Amino acid sequence: MLSENERKIVDYLSKEPSREVTSLEISKDLGMDHNSVLSLLELLKSKGIVNTETQEIDQVDLTEEGKLRREKGLPEDILINEVLKGNQLKVDEIKKIMGKDFSIAITWAKRKNLIEIKDGKVVPKVTSYRSPEYEALIDPSRHSPEIDTLVSRGLLKRSRRITSKVSLIKKVETKDFLNAVTHEVLLSKEWKKKDFRPFNVEAFPPFYPVAKKHFFKLFLEKLKDVMVSLGFKEVITDYVEIEFFNFDLLFQPQDHPAREIHDSFAIEGKGKPMDQNLVEEVKSMHETWWKYEWNQEISKRLLLRSHTTATTARTLAKRPKAPFKSFTIGKVFRPDAIDATHILEFHQLDGLIIEDGFTFKELLGTLEEIFKGIGIEKIKFKPAYFPFTEPSVEAYGLIGRLGWVELCGAGMLRPEILETVHVKERAGAWGMGIERLAMLYTGVDDVRKLYSYDIEFLRQRKVDIRW
Ligand SMILES: N[C@@H](Cc1ccccc1)C(=O)O
C-alpha cells in the first residue's frame, strides 16, 4: 500500500519509466522537500518499487558576506574605481571613502599589483579593473579557478549534498482511493466503485510536546508554596537597594570589615531620602555601640542587593506588629568568577518571624519544618557568625549520597536592630541560597543550566520533590 506522497512519486516516475531522474529533480518538480523525497524513496526501495543509487555532490553557496559583496562589489574593485576616478587620492581620503573595508581593499589591491602607495598617495597601476572573482561570485555554479580564492576569502562555502539517482523497477497500479466518507461520496455513490484508503493503525502519531513551565521557575514556586502553607506572607522588594537596608539597618558598621562580608555591585547615584527618625535611630545605635561617626551619605549609596536580608530590613523598617511571619524569594547579586557552581546573580530565600517570647529553639524548629517541607528530614546546626544575629547558626541537611550540605544561615535578630525599629518582641531570621537546592532536586550538575533556554534540555527536566 502506498501513501499519497509515495504515489505521487510513482506517478511521476511512471510518466517516463526509462528515464533516470535524480531526487533533486523530483523535489523540484513535485514541490516536495528534498529530505522528504529521500526518505520516501527509501520506503519505495524497501517495497521493491524503485532502485536508488546515492550520490554525493559538491556545491558552493554564498556566505552572508558573499551575498553582500555580490550586491556591492569586491572592496578592491571599489577602491580601484575610486582611485581611477579621483586622480591620485591621498591614503586618508581613501580611508574615508572605504570606511571599514579600507584595509581589506588595500591588501587585495596591493596583492594583485593594482596600486602602489607613493608619498602618502594611492597611485593606480592599471587603467581599468574588474576582478575575475566577481564574475565567479555572480555565478558560483560555474567551475572556475576563482572559486577557491572566494572560499578562502570567506565569501563562498562548500558543502556536500546527498542525492539519489532513481529508476522505476516495478510497475505498480496506483489506485485512486477514497480518503473519507463525505456528502459528495455518498451522493455520487462513488463508494460503491472505489476502495477506501486503509489506515495504518500501528503508525505512531506525530509528537507534539505540551508546553510547560521552566523547571527552575517551577522549583521556586514550589518553595513559595511551602512557605505560604507554613503561614508566611510573601514580601517583594527591588533589586536596586540602598546601603542603608543592605547594611546599616542590619547593624553592619560603615568602617568595619564586616561590611565587606559580601562584595557587591555598586550603582551610580544616590537613593531617595528616607524616614529621618529611623535614620537618626540607626545613627545613634551605630555611634553608641561601634563608636565611630556614622555618615548618612554612605547609607544612601546604591547597590544591587547582595542578600535578600535587605528585604527583611525593609520589612522591619515598617515596624511590623507581632505576631508576624514573612518571607521573600528573589535574586541577589555578588561579583564572582563564573563556573559550574558560581554565578553572579542567584536566588535567596529570607524569612522573618516576630513573636512575643520567640526562642532560638523555636527558630531552629521552624527551619526543620521548612526543610521537611522540601523533603530534607535530617538537619544539624553549627554555630556561626552574622553581623545581624546573635546567636547565629548555619544549618546543614543530609541529602542522599551527597552527605551534609550547607542550607542556610540563621539566628535571633540583634536587640540593637529591633530597638531601632521599635519592635519589643523577639525575632528570628534566616537566609538560604536556592540554586544549590534546585540543582540537587533537578539533577542539574552546572548552575548555569538552571537558566538554560535549550528547549530539548528543558523538555527533559523534572522537579523531583516529595512535598
Ligand atoms: N544574609 C545572610 C544569611 C542570613 C540571613 C538572615 C539571618 C542570618 C543569616 C547571607 O547571605 O549569608
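This structure is a prediction, so every number in the text was calculated from the model and none was measured.

J.: Explain the packing of aromatic side chains residue by residue, including any values.
T.: Counted under the stated rule, the structure contains nine aromatic pairs. With centroids separated by 5.5 Å and ring planes inclined at 70°, the aromatic side chains of Phe216 and Tyr451 adopt a geometry described as edge-to-face. Of this pair, Phe216 sits in helix α12 (residues 215-229) while Tyr451 sits in the loop between α19 (435-442) and α20 (455-460), placing them 235 residues apart in sequence. Between Phe232 and Trp430, the ring centres sit 5.6 Å apart and the planes meet at 85°, which makes this aromatic pair edge-to-face. Of this pair, Phe232 sits in the loop between α12 and β6 (233-234) while Trp430 sits in strand β15 (residues 426-433), and the two are 198 residues apart along the sequence. Comparing Phe232 with Trp430, the two get one shared label, buried. Chaining the aromatic ring pairs together yields one cluster made of Phe244, Phe245 and Trp294. Above the plane of the ring of Trp108 lies Arg153, whose end atom (NZ or CZ) is 3.9 Å from the centre. Here Lys325 stacks its cationic end above the ring of Phe232, 4.8 Å away from the centre of that ring.

J.: Outline the site of the ligand, supporting the account with residue identities and numerical values.
T.: If you check the shell around the ligand, you find 14 residues, and the closest are His307, Thr309, Arg334, Gln348 and Gly431. Contact between the ligand and His307: a nitrogen atom at 3.0 Å from a side-chain N or O atom of the residue. Arg334 has a polar side-chain atom sitting 3.0 Å from an oxygen atom of the ligand. For the ligand, whose free accessible area comes to 320 Å², the fraction covered by protein is 91%. For the shell around the ligand, the secondary structure elements donating two or more residues are β11 (345-355), β14 (403-413) and β15. The residue makeup of the shell around the ligand, split by class, is five nonpolar, seven polar and two charged.

Rules used throughout
- Residues numbered from 1 in each chain as written.
- Predicted model: local features only at pLDDT ≥ 70, side-chain atom pairs only at ≥ 80, totals over all residues.
- Heavy atoms only, no water.
- Phe/Tyr/Trp six-rings, centres within 6.5 Å; stacked < 30°, edge-to-face > 60°.
- Helix = DSSP H or I, 4+ residues; strand = E, 2+ residues; numbered from the N terminus.
- Buried < 20%, exposed > 50% of the residue type's maximum accessible area, 1.4 Å probe, protein only.
- Lys NZ or Arg CZ within 6 Å of the ring centre and 35° of its normal.
- Near = heavy atom within 4 Å.
- Polar contact = N/O pair within 3.5 Å; in protein donor to acceptor, adjacent residues only side chain to side chain.
- Areas by Shrake-Rupley, 256 points an atom, 1.4 Å probe, with all protein chains shown as cover.
- Nonpolar A, V, L, I, M, F, W, Y, C, P; charged D, E, K, R; others polar.

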